[in-house]
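Remarks on the overall topology
This is what each chain is made of:
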Amino acid sequence: MSYRYMRLMVFFDLPTLTVADGQNYRRFHKFLIKNGFIMTQYSVYSKLVLNATQAKTVRDLLVKNVPEKGLVQCLQITERQFASIEYLAGKSQSRIIDTDERWVEIE
């Protein structure tokens, strides 16, 4: 099996005006975290997947969990494209290791 690492990016803008809207927002946010998405910016989350097949599976799961109100968008890019992000202001968050590199620690 060949791996072609992909990155799924989810952009969302959900209403929080009513109690029900707030619950839907929190439910969707928890869904993203539980399924391995990492916050890139507020309301922008990304997930590293092995290949396009796995990306489709994750997208299908996203579709099933999207709230009825609001705007949710998903963008699929290659890991190489994601790695070429240019920071115009601010800097990369280094507290989370989010790469396709494998880490082996021997004690």
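Being a predicted model, the structure only gives us computed values, none of them experimental.

Side note on helix α2 (residues 52–65)
Look at α2: 20 Å from first C-alpha to last across 14 residues, which is about the 20 Å you get at 1.5 Å a residue. By the burial criterion, the buried members of α2 are Ala55, Val58 and Leu62. Each buried residue of α2 lies within a common arc of 65 degrees when the element is viewed along its axis, so the set occupies one face. When the buried face of α2 is taken as reference, the exposed residues oriented beyond 90 degrees from it are Thr53, Thr57, Val63 and Lys64. Taking the backbone nitrogen of Thr53 as reference, a side-chain oxygen 3.2 Å away marks Asn51 as the first, capping residue of α2.

Concerning the packing of helix α1 (residues 19–34) against α2
The interhelical angle for the contact between α1 and α2, taken along N-to-C directions, is 160 degrees, at an axis separation of 11 Å. Between α1 and α2, the crossing angle belongs to the class labelled roughly antiparallel. When you trace α1 past α2, the crossing you get is right-handed. Residue-level contacts link Phe28, Phe31 and Leu32 of α1 to Leu61, Leu62 and Asn65 of α2. Looking at side-chain class alone, the contact of α1 with α2 contains 5 nonpolar, 1 polar and no charged residues.

Calculation criteria
Residues numbered from 1 in each chain as written. Predicted model: local features only at pLDDT ≥ 70, side-chain atom pairs only at ≥ 80, totals over all residues. Heavy atoms only, no water. Helix = DSSP H or I, 4+ residues; strand = E, 2+ residues; numbered from the N terminus. Expected span 1.5 Å × (residues − 1). Buried < 20%, exposed > 50% of the residue type's maximum accessible area, 1.4 Å probe, protein only. Arc of directions from axis to C-beta. Polar contact = N/O pair within 3.5 Å; in protein donor to acceptor, adjacent residues only side chain to side chain. Axes fitted to C-alpha atoms, helices over the stretch in contact; angles between N-to-C directions. Parallel < 35°, antiparallel > 145°, perpendicular 65-115°, else oblique. Left-handed = near helix turned anticlockwise from the far one by under 90°. Contact = heavy atoms within 4.5 Å. Nonpolar A, V, L, I, M, F, W, Y, C, P; charged D, E, K, R; others polar.

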